[in-house]
Amino acid sequence: MSKPVIISGIQPTGNLHIGNYLGAVKNWVELQNSGQYEMYIFIADLHSLTGMQSAEERRKQIKTTAAELLAAGIDPKKTTFFVQSEVDGHTELGWIFNTVTHVSELERMTQFKDKSAHQEKNINAGLLTYPILQAADILLYKGQLVPIGQDQIQHLELTNDIGRWFNNRYGEFFGEVKPLLTKIPKVMSLLEPTKKMSKSLGQGHVVELADEPETIETKLKKAVTATEGGAGAPGVQNLLLLLKEFGDAKLHVKFVDDEKNGTIRYGDLKTALADAISKTFADFRKKRAEYLADEKKLQKVLKAGADNAQKVADKTMTEVRKLVGIK
Ligand code: ADP
């Protein structure tokens, strides 16, 4: 019996931070290692064109993101790991899906509204049609499960709508995709803990997986704790959550108790957390540097992944072209 197909991707728009790790990458590695799925993980460079990166930055970041995902545990022997633009089919299927999707369906997407607000000077059509390319990314491989958080449900529903609109017009072909909803912690910014940790907020707000221990310590020292009134402050809750994820369970319980009793020392919490994060990613930092120092090896891994993905994509596209009447 064939295993359920899982697909997910990440944009190469910056170094991975602990929010990306706890919210996505860690889960991918666990799913991959469970051996229960046929996994596809890709670097969404075509999606990144909707943003403001320069060509030079993009080229560099694709490599870095690849090195980081491998260093974080994506294993190309277990997962088809590739760069989106290296596989023909994503853009073609995306275009075909453009022609079965009504504009009003795209305008409803909350992420479109959010993203447009973030880059008022560059509200390109790609921001609007982004979820169509996402549908193509998934359906090109006949994806069955997509690991997502609550905020991505709307896009996945659209993927299923698009599959249905295609089927209604050209004949039954695409199956249903289901969300693999994992309870993922929402990591908050260090400096503005009411906002989600995001690289778009700036360096001081995030801890990158690649940060050296001294940098982690410096960033955490500046983290906002209880300026807004003691127990339950979002900054403190965020640090405690991170300690739970990265630190020793007993230590976490001790700081939670201290907080309840009002005896917590934020300086100690920050030191303990900095130490826990540094240790968690010591091996990551080493492997990341190794991959970045061996570009040939990195290219070889990505080429093998793209070749593998291409075979599957070609099968789908041969059928799709026949169905729509262009072959
Ligand atoms: P960023 O907001 O830093 O640009 P992305 O939007 O590229 O990050 O997110 C990539 C993945 O990481 C997505 O699956 C997203 O849900 C997850 N993610 C990003 N930030 C966080 C966070 N603060 N907490 C939990 N998950 C996050």
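For the structure itself, consult the block above.
Source: prediction; values computed, not measured.

Points about the site of the ligand
Taken together, 13 residues are adjacent to the ligand, and His17, Val187, Met197, Ser198 and Lys199 come closest. Within the side chain of serine 198, one N or O atom sits 3.0 Å away from an oxygen atom of the ligand. Separating an oxygen atom of the ligand from a backbone N or O atom of lysine 199 is a distance of 3.1 Å. Relative to its unbound accessible surface of 540 Å², the ligand loses 75% to contact with the protein. Looking at the shell around the ligand, the element that brings in the most residues is helix H1 (residues 18-34), giving 4 residues. Across the shell around the ligand, the residue classes tally to 5 nonpolar, 5 polar and 3 charged.

Describing the packing of helix H3 (residues 55-71) against helix H13 (residues 282-293)
Where H3 meets H13, the closest approach of the two axes is 8 Å, and the angle between their N-to-C directions is 135°. As summarised for this structure, H3 and H13 are arranged oblique, according to the angle between their axes. The handedness of the crossing between H3 and H13 comes out as right-handed. Residues Lys63, Thr64, Ala67, Glu68, Leu70 and Ala71 of H3 form the contact with H13, whose participating residues are Phe284, Lys287, Arg288, Tyr291 and Leu292. Here the contact of H3 with H13 is built from residues that sort into 6 nonpolar, 1 polar and 4 charged.

Description of the environment of glycine 23
By the secondary structure assignment, glycine 23 is in helix H1. The spacing of glycine 23 and proline 185 is 162 residues in sequence and 6.3 Å in space, taken between C-alpha atoms.

Section: H13
Taking 1.5 Å of rise per residue, the 12 residues of H13 would be expected to cover 16 Å, and the 17 Å separating its terminal C-alpha atoms lies within 8% of that figure. The complete set of buried residues in H13 reads Phe284, Arg285, Arg288 and Tyr291. Viewed along the axis of H13, the buried residues span an arc of 130°, placing them on a single side of the element. Turned more than 90 degrees off the buried face of H13, the exposed positions are Lys286 and Ala293. Those residues of H13 that are buried lie in contact with H3, helix H9 (213-221), helix H12 (266-280) and helix H14 (295-324).

Structural notes on the pattern of salt bridges
Within this structure, the stated rule accounts for 18 salt bridges. The partner of glutamate 30 in a salt bridge is lysine 26, with the nearest N and O atoms 4.0 Å apart. Of this pair, glutamate 30 and lysine 26 both sit in helix H1, separated by 4 residues, roughly a single helical turn. Assessed through its relative accessible area of 28%, lysine 26 is described here as partly exposed. Between glutamate 319 and lysine 322 there is a salt bridge, with its nearest N and O atoms 3.9 Å apart. Of the two residues, glutamate 319 and lysine 322 both sit in helix H14, 3 residues apart, roughly one turn of that helix. Several salt bridges converge on common partners, so that one network encompasses Lys26, Glu30 and Glu245.

Concerning the pairing of strand E4 (residues 145-148)
Burial along E4 is two-sided: Leu145 and Pro147 and Val146 and Ile148, pointing in opposite directions, are all buried. Here 4 bridges tie E4 to strand E5 (residues 178-181), and the two strands are oriented parallel to one another. Looking at the pairing, valine 146 lines up with proline 179 of E5. You can see the chain leave E4, run along helix H8 (residues 153-170) and come back into E5, and the turn it takes is right-handed.

What counts and how
Along each chain, the written sequence defines residue order, and numbers are assigned to residues from 1. This being a predicted model, a pLDDT of at least 70 is required before a residue's local features are given, and a value of 80 or more before pairs of side-chain atoms are given or counted; all residues contribute to the totals for chains, interfaces and linings. For the side-chain quantities, the full set of heavy atoms in the structure was used; hydrogens and water were omitted. The criterion for a residue being near a molecule or strand is simple. One of its heavy atoms has to lie within 4 Å of it. Polar contact is defined as a pair of N or O atoms within 3.5 Å, subject to the rule that within protein one atom must be able to donate a hydrogen and the other to accept it, and that residues adjacent in sequence are counted only when both atoms are side-chain atoms. Working definition of accessibility: Shrake-Rupley area with a 1.4 Å probe, residue cover restricted to the visible protein chains. Under the scheme used here, helices are H or I runs from DSSP no shorter than 4 residues and strands are E runs no shorter than 2 residues, and both carry numbers assigned from the N terminus. Residues were grouped as follows: Ala, Val, Leu, Ile, Met, Phe, Trp, Tyr, Cys and Pro as nonpolar; Asp, Glu, Lys and Arg as charged; and all remaining residues, including Gly, as polar. Axes here refer to lines fitted to C-alpha atoms; in helices the fit is confined to the stretch in contact. Angles between the N-to-C directions go from 0 to 180 degrees. Here roughly perpendicular refers to angles of 65 to 115 degrees, roughly parallel to angles under 35, roughly antiparallel to angles over 145, and oblique to all remaining angles. What makes a crossing left-handed is the near helix being turned counterclockwise from the far one by less than a right angle; a clockwise turn instead makes it right-handed. We call two residues in contact when some of their heavy atoms are within 4.5 Å. Multiply 1.5 Å by the residue count of a helix minus one, and that product is the helix's expected span. Burial classes follow relative accessibility: with a 1.4 Å probe on protein chains only, a residue under 20% of its type's maximum area counts as buried, one over 50% as exposed, and anything between as partly exposed. The reported arc concerns the directions from the helix axis to the C-beta atoms and nothing else. Each salt bridge in this description consists of a side-chain nitrogen of Lys or Arg and a carboxyl oxygen of Asp or Glu lying within 4 Å of one another. The pairing criterion for strands is at least two bridges between them, as found by DSSP. A clockwise path from the first strand over the helix to the second, with the strands pointing away from the viewer, defines a right-handed crossover.

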